[in-house]
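So you can see what is in the structure, the chains are spelled out below.
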Amino acid sequence: MAAAHYYIWKRVVRDTTRPGRGRLVGTVAVVFLLLLVVGALGLQRVGGFGRVVAWPGFLWLAGVFYLTVLLGLLEIPRLVLLRRARRGRVPVTAGAPGTTPGATPDTAGDAEEVPPDPAPRAPEVDEGRRLFLARSLAVAGGVATAGIVTYGATQALGDPVVKRVPVTLGKLDPRLSGYRIAVVSDIHLGPLLGRSHTERIVRMINEQQVDLVAIVGDLVDGSVEELGEAAAPLRDLVSTHGSFFVTGNHEYYSGAEQWIAEVERLGVNALRNERLTIERAGATFDLAGVNDVNGASFDDAPDFARALDGRDPGTPVVLLAHQPVQVREAARHGVDLQLSGHTHGGQMFPFHLAVGLQQPVRSGLETIDGTQVYTSNGAGFWGPPVRVGAPPDISVVELRHNFAGR
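Note that the structure is predicted; figures quoted are calculated from it, not measured.

Reading the values: the criteria
- Residues numbered from 1 in each chain as written.
- Predicted model: local features only at pLDDT ≥ 70, side-chain atom pairs only at ≥ 80, totals over all residues.
- Heavy atoms only, no water.
- Axes fitted to C-alpha atoms, helices over the stretch in contact; angles between N-to-C directions.
- Helix = DSSP H or I, 4+ residues; strand = E, 2+ residues; numbered from the N terminus.
- Parallel < 35°, antiparallel > 145°, perpendicular 65-115°, else oblique.
- Left-handed = near helix turned anticlockwise from the far one by under 90°.
- Contact = heavy atoms within 4.5 Å.
- Nonpolar A, V, L, I, M, F, W, Y, C, P; charged D, E, K, R; others polar.
- Core = buried A, V, L, I, M, F, W, Y, C linked by side-chain atoms within 4.5 Å.
- Buried < 20%, exposed > 50% of the residue type's maximum accessible area, 1.4 Å probe, protein only.

Draft legend 1. Summary view of the packing of helix α1 (residues 2–14) against helix α2 (residues 21–43). Relative orientation of the contacting elements α1 and α2 amounts to 155°, with a least axis distance of 10 Å. One element, α1, and the other, α2, form an angle in the roughly antiparallel class. Considering only the axes of α1 and α2, their crossing is right-handed. Residues Ala2, His5, Trp9, Val13 and Arg14 of α1 pack against Arg23, Gly26, Thr27, Val30, Leu33, Leu34 and Val37 of α2. Of the residues that constitute the contact of α1 with α2, the class distribution is seven nonpolar, three polar and two charged.

Spelled out as structure tokens, the structure:
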């Protein structure tokens, strides 16, 4: 953060101002913005004051990222334009050998010899032209950043997209074909998202009239004491076979045991390395859930053997697991479909490119080692209330029997 703010100060403040009051004001503003980001990250869970700091701090965090990227991209036209501006000026050269600058041919012989410069000095850019160029590029970067962040905020704070995802399972009984699971992840209740966010998600899920609701981790960023009221609308979820929950990494940062007790009090069933049988019209499939990989640091590690061993291999199994990377282990236990979140779909382009370094699936449905894994973009956000290229979603996964394969 300090390096990014220094770079922004250099291009937006130092390069665009002359020494004086304007530069001082700009410098103070950049230092204040740096402290605002640090405050948002460090104080977001400290009551009302933390929430007051969180909104501008996290918005500026997105601004820092995009302004740094855009100013970096503008370095190329900046260098080109500076070079062209130098070409338009007459080079400064040294006097002829054996003369002093300004000496005439008649007096040159009487003047003291001054050795010439080893080479002509490069032409300098006119100060007015340099300032105009620096200010133009700073304004261009600032306007573009404001546009991107504003667009991203409307995406993050608007209604999630409802995605309909058909998934064919070879072992699914035809009587279960059309079974619908609402998948929601990464709700991230916290300093920026509260009860109204939960109410909206519950309303949108209930409108889909699904058979089962799967909440696949990262429900909260804070304690039950702070956010219990924000999570309360979960009690109003309606589906044929109930609502189920598995932990994400942020539950462990927020008090996983307390939150598991709280969601169960609200009527949401927590699956902690366990499975159960879902039945419709005499046909069944297994629904399993494992803890997040970060649970290992809190004596609550994922245990695939406990959740999946001893089941009928002829019955399809749907696994709830917060992180897509867990599909590697799921495949070794014969899981047919894994439902995950965690990635936020990248949340802010070009972070999409970095997700693949850690997770096998950024967003959508793919097959890994013979197991299908669906990854939701999530319904909330972490940090900046900004999404670019990865709109929030609630996914309705529809299980289908492979009639063609019979």
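Draft legend 2. Unusual backbone geometry, seen in detail. Phe349 connects to Pro350 through a cis peptide bond whose omega is 10°. Mapped onto the elements, Pro350 comes out in the loop between β9 (337–340) and α12 (352–355). Phi angles above zero are rare outside glycine, and Ala281 is one such case at about 55°. By the element assignment, Ala281 lies in the loop between β6 (274–280) and β7 (283–289).

Draft legend 3. Highlighting the nonpolar core. By size, the foremost hydrophobic cluster in this structure holds 29 residues, and its most contacted members are Val184, Leu189, Ile205, Ile215, Leu219, Leu234 and Phe245. If near-sequence neighbours (up to four positions away) are discounted, Leu189 is found in contact with Gly194, His197, Thr198, Leu219, Val220, Asp221, Leu227, Ala230 and Ala231. Core analysis: the next-biggest nonpolar cluster, separate from the first, contains 25 residues, Val167, Ala283, Phe285 and Leu287 among them.

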